[in-house]
Amino acid sequence: MKRRQAPRANLLLVGALASALLLAACGGSNDSAPLIVGSAPPPAGSTDQPPTDTGPVAQDYVTPPRLCEPGPGDQGEPGVNGHIPKSAMYDATANPDGFQGYWCGARKVAQNTLFGRGAFGDLQIKAKGSTRCAYASNRDGAAGGDAALTTGIIVFDMKTPTKMQVVPASGDTTVVGTAPSASVKTTSTNKWGEETTAATPVNPNGKILRTPAALEAYSGLELSGDLLVAGYKDNKMVDVYDVSDCLHPVPLNASYQSSGGHHDGWLSPDGKTWYGVPFGTTAKDGGTTLITGGTSPTDDNFANYTIDNKRVDLHITNLDDPKNPKLLLSWNRSQLPDEVKNNKNWRIMAATNIHDVSTNPDGTRLYLAVYGGGGQVAGNLPTPTTTFWRDQTCANGLLIMDSSDIVKRAADPKLKYVSFLSWCDQQPNPEFEQGGYARMTSTAATHATEWVRHVNGKEYIVSTDESYALTTSDTNGLPNQCKQQSFGRMIDISDEKHPKIVGTYEQDANKASVCPTLVAEGGNVPMVHYLNFDDRNHMRVAVYAAASGGIRFADWTDPTSPKEIGYYVARRNTPSKMDFTRPDPRYDAENCLYYTGWNQGGLVSLELTNPQYNPCMSRSANVSGKVATAQGDITVALKAGRDSKGASVSLSIEGLGNKVQLGAVTRLGSAIDADGAQVTATSNSVQIDADGSFDGQPAKFRLQVTDNGGNKGFFSLSCTEGCSFTTNGYLQSGGKLTVANLKS
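Reading the values: the criteria
Sequence order sets the numbering: in each chain, residues are counted from 1 along the sequence as written. Totals for whole chains, interfaces and linings use all residues, but because this is a predicted model, local features are given only for residues with pLDDT of at least 70 and pairs of side-chain atoms are given and counted only at 80 or more. Just so you know, side-chain values use all the structure's heavy atoms and leave hydrogens and water out. For the purposes of this entry, the term helix denotes a DSSP run of H or I that reaches at least four residues, the term strand denotes a run of E that reaches at least two, and both are numbered from the N terminus. The cut-offs for exposure are 20% and 50% of the maximum accessible area for each residue type, with area from a 1.4 Å probe on protein chains only; residues under the lower value are buried, those over the upper are exposed, and the others partly exposed. Any two residues having at least one pair of non-hydrogen atoms within 4.5 Å are treated as being in contact. Here the accessible surface of atoms and residues is derived via Shrake-Rupley with a 1.4 Å probe, and residues count as covered only by protein chains that are part of the display. One requirement defines pairing of two strands: DSSP has to find at least two bridges between them. Axis angles are defined between N-to-C directions and span 0 to 180 degrees, where every axis is a line fitted to C-alpha atoms and, for a helix, only to the segment in contact. Throughout this description, a polar contact denotes any pair of N or O atoms lying within 3.5 Å of each other; where both atoms belong to protein, one of them has to be capable of donating a hydrogen while the other can accept it, and for residues adjacent in sequence the pair is counted only when both atoms sit in side chains. The disulfide criterion is simple: two cysteine sulfur atoms within 2.5 Å. Joining through side-chain atoms within 4.5 Å is the link that ties buried Ala, Val, Leu, Ile, Met, Phe, Trp, Tyr and Cys residues into a set, and such a set is a nonpolar core. Between rings of Phe, Tyr and Trp, where Trp is taken as its six-membered ring, a pair exists when centres lie within 6.5 Å; planes separated by under 30 degrees are stacked, by over 60 edge-to-face, and by other angles tilted. Here, a charge over a ring is recorded when the distance from Lys NZ or Arg CZ to the ring centre is within 6 Å and its angle to the ring normal is within 35 degrees. Salt bridges are identified by distance alone: a Lys or Arg side-chain nitrogen within 4 Å of an Asp or Glu carboxyl oxygen.

## Digging into the overall build of the protein chain
Right, so step 1: Per the secondary structure count, the protein chain includes four helices and 47 strands.
Right, so step 2: In the protein chain, buried positions account for 58% of the 744 residues.
Right, so step 3: Here the contacts in the protein chain between residues at least 6 apart in sequence split such that 64% fall between residues at least 24 apart.
Right, so step 4: Of the roughly 26500 Å² that the protein chain leaves accessible, carbon and sulfur atoms contribute 50%.

Right under this line is the structure:
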């Protein structure tokens, strides 16, 4: 990605990679048997103090261009930003090996295909000390439905981020519970939530949670502290797990049923309240449509309509005692004030349903995505015969409710109306929001409405859309029409009674001016769909999982003017299809890794390649002293880090026998190849990969350092290509060892 100078702020400047020279004396040779030098035990406690080191300091912020500009190693989109040409997607003759993918400013770190089960659901990650875990659910069950042993929540050991290892099954064959679902016969589970039967005592695929709700915990998979909650996609079942030992979750309750289904879910930051949002109209989900009837498009007489007051738009569960969940409230839009329900522009009860729920940190406000509009996914496309109060085109936007009664555990809790912002209320950018129908400024349905505190200190809601955008062809969207848009919004809620859209994230393919050209060309303009952030409480970067448009990264430093700083659109080896990224991305701040899921590709981790957005690329390491290896002490002098010119490393080793030279640094960042024992994937570790030579022959090397405090730590140098060589060990007393992180 190209960089441009701009006004000063607190983050890093990208520079060219610097080269450095390493002279090392090491045992073994390129032609000998591999030399693997084991580490000696950690030395006795040292009283030495760390050297004075202020650590790496942030460089001036550089305002990026509006769109990501591909740099070395990138494979950028070939045409209009956000457009996937039909030839790339579907043409098996032109692309016999399938779609090869696009990426800019981001690179793939690791991938696990999840047994090829497809239908990715949701994802959570958890770290406790050096232990790192991930949980991946599915939306619709693997091939074979809920009965398939690969269906459920897969538990991963992420101590080595590049390996993504499924945790082995416990081997426990004692049945303590059952897991009935809507689509399979009763299955049996042990105390760990794993299935065990006479035919298959132990799941051969590893640790997969298969209690009732875990079977299809779509977007209803949430984590807060040591509590993991799963809600079955279109059913009332809720499971609660203790994940204090994140590698070995324990079900606390796997028999509770709430009052509605779980197309989406939210667990309050304190872990005490569960919110579920149904989607469908079956009895096991949300119940019948809220409003039906009417005689004509002009019939605004409510007497001619039927309102189902038993419809569930939102249900709320008390988890004060996670072993005994209790229903607090079932709610729907018929409980809104009359002046809101009777607003003839909004027609808020016409929306198909609520889609997303989130809260502020103290839980006193709910932010609900009212799923209206006229997109092909939302349904209820307006027609000449759509009756007045069934026209949902403006029942599409952000609904804010006061949930203080829920936090206070009031005896008869109520949700109190604060405000509703319909997308029909504002047109920030008519070039993008040209509208497809008479009363619309956006046809896509509101998908997510998430609270953030921006780096400027103010509170905002960030929203996304669902429904493919205007030039979609084939079976998606509105073919050959310029009617549909899909983009994100930044909504200022400083005055929560009058929220205001201050910025929109758009892709150029949504512009009315390019629509006719793209319609003729064919292809796909992805939706701006699922959502997360670099830091919800200090937000600068939004990360969008944009369906077939892949992962898109936007810098919202200026809340009125987002910049697309990176994207990753996965390759797909089947020529006739595109892969589809669906769950909310998750961010591992200690390793600067973003995790996301793909329907066909499984679990994928990414890292940004611009140090301005990847602070792990600015870590520094200093080692000086004797390191104990299993073959004796070596003397190490290492200095590695990054400045405005790029990454650099200098290293000398004395004590063994061969010659090593380092050239260009190819990566400086988090310890993604940590073993999880001596070298940990934590903020006190750094990894440097570099080209070089071993005894005059081309080779590649990896340096890793873990700082355990007090000048205690671990040093490792290994050859990764071109030779067989490793030396590593703990620093001995009297030496100096530090790993420092970026200081703003």
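## Comments concerning the sheet that holds strand β23 (residues 353-359)
Right, so step 1: Pairing is antiparallel in the open sheet, where four strands are placed in the order β23-β24-β25-β26. Pairing within the sheet leaves two strands with one partner each, and these edge strands are β23 and β26 (416-422). Here the average twist between neighbouring strands, direction ignored, is 20 degrees.

## Regarding the pairing of strand β43 (residues 685-694)
Right, so step 1: Summarising burial for β43: eight of the ten residues are buried, a large majority.
Right, so step 2: Relative to β43, strand β42 (residues 660-669) is paired through seven bridges, and the arrangement is antiparallel. Residue pairing across strands places L662 opposite G692, the latter belonging to β43.
Right, so step 3: Here ten bridges tie β43 to strand β44 (residues 697-707), and the two strands are oriented antiparallel to one another. Across the sheet, Q687 pairs through a bridge with Q704, a residue of β44.

## A few points about the side chain of Q426
Right, so step 1: Relative to the assigned elements, Q426 resides in the loop between β26 and β27 (445-453).
Right, so step 2: At 2.7 Å, the side chain of Q426 forms a polar contact with the backbone nitrogen of I501.

## Overview of the state of the cysteines
Note on terminology: a disulfide is the covalent bond linking the sulfur atoms of two cysteines.
Right, so step 1: Scanning the model with the defined rule gives five disulfides in all.
Right, so step 2: Across a sulfur-sulfur distance of 1.9 Å, C133 and C246 are joined as a disulfide pair. Across the disulfide from C133 to C246, rotation about the S-S bond amounts to roughly 65 degrees, and the bridge is consequently right-handed. Residue C133 is found in strand β7 (residues 131-138), and its partner C246 is found in the loop between β15 (237-242) and β16 (250-257); the two are separated by 113 residues along the sequence.
Right, so step 3: The buried category is assigned to C133, whose relative accessible area is 2%.
Right, so step 4: A disulfide bridge connects C394 with C424, and the sulfur atoms are separated by 2.1 Å. Looking along the S-S bond of the C394-C424 disulfide, the torsion reads about -85 degrees, which is the left-handed sense. Placement of C394 in the loop between β24 (365-371) and β25 (397-402) and of C424 in the loop between β26 and β27 is noted, with a sequence separation of 30 residues between them.
Right, so step 5: A relative accessible area of 1% places C394 in the buried class.

## What about the environment of P72?
Right, so step 1: Of note, P72 is situated in the loop between β2 (35-36) and β3 (84-85).
Right, so step 2: Expressed as a C-alpha distance, the spacing of P72 and C104, which sit 32 residues apart in the sequence, is 9.3 Å.

## Quick word on the nonpolar core
Right, so step 1: Among the nonpolar cores identified, the biggest contains 31 residues, and V636, L638, F701, L703, V705 and F715 are the most heavily contacted of them.
Right, so step 2: One finds W266, I316, W389 and I406 within the second-largest nonpolar core, a separate group that totals 29 residues.

## What to know about the sheet that holds β16
Right, so step 1: Strand order in the open sheet formed by four strands is β13-β14-β15-β16, and the pairing between neighbours is antiparallel. Strands with a single pairing partner mark the edges of an open sheet, and in this sheet they are β13 (221-224) and β16. Adjacent strand axes in the sheet meet at a mean angle of 15 degrees when their direction is disregarded.
Right, so step 2: Sheet topology places β15 next to β16; five bridges connect them, and they run antiparallel. Note that in β16 the partner of D242 across the bridge is V250.

## With respect to the packing of aromatic side chains
Between two aromatic rings, the relevant description is the distance of the centres plus the angle of the planes.
Right, so step 1: Scanning the model with the defined rule gives ten aromatic pairs in all.
Right, so step 2: When the centroid spacing of 4.6 Å and the interplanar angle of 0 degrees are considered together, the rings of Y505 and Y544 count as stacked. With Y505 in strand β30 (residues 500-505) and Y544 in strand β33 (residues 541-545), this residue pair connects regions lying 39 residues apart in the sequence.
Right, so step 3: Summarising the aromatic geometry, the rings of F553 and Y594 are spaced 5.1 Å apart at their centres and angled 70 degrees between planes, so their arrangement reads as edge-to-face. Linking F553 in strand β34 (residues 551-555) with Y594 in strand β37 (residues 593-598), this pair joins segments that are 41 residues apart in sequence. In this structure, F553 and Y594 share a single accessibility class: buried.
Right, so step 4: Positioned above the aromatic ring of Y218 is the side chain of R139, whose terminal nitrogen or guanidinium carbon lies 4.4 Å from the ring centre.

## Concerning unusual backbone geometry
With the exception of glycine, the majority of residues adopt a negative phi angle, and the majority of peptide bonds are in the trans configuration.
Right, so step 1: Phi is positive for C592, close to 55 degrees, though the residue is something other than glycine.
Right, so step 2: Among the secondary structure elements, C592 is positioned in the loop between β36 (586-588) and β37.
Right, so step 3: The exposure class assigned to C592 is buried, which follows from its relative accessible area of 2%.

## Observations regarding the environment of S716
Right, so step 1: Mapped onto the elements, S716 comes out in strand β45 (residues 713-721).
Right, so step 2: Note on S716: relative accessible area 7%, which makes it buried.
Right, so step 3: Sequence separation between S716 and Y730 is 14 residues; the distance between their C-alpha atoms is 8.9 Å.

## Describing the pattern of salt bridges
Right, so step 1: In total, this model carries 31 salt bridges according to the counting rule given.
Right, so step 2: Ionic pairing is found between K458 and D492, a salt bridge with its closest N-O pair at 2.8 Å. Taken as a pair, K458 in the loop between β27 and β28 (459-466) and D492 in strand β29 (residues 488-492) lie far apart in primary sequence, 34 residues in all.
Right, so step 3: Sharing partners across several salt bridges, the network here consists of R139, D140, K233 and D234.

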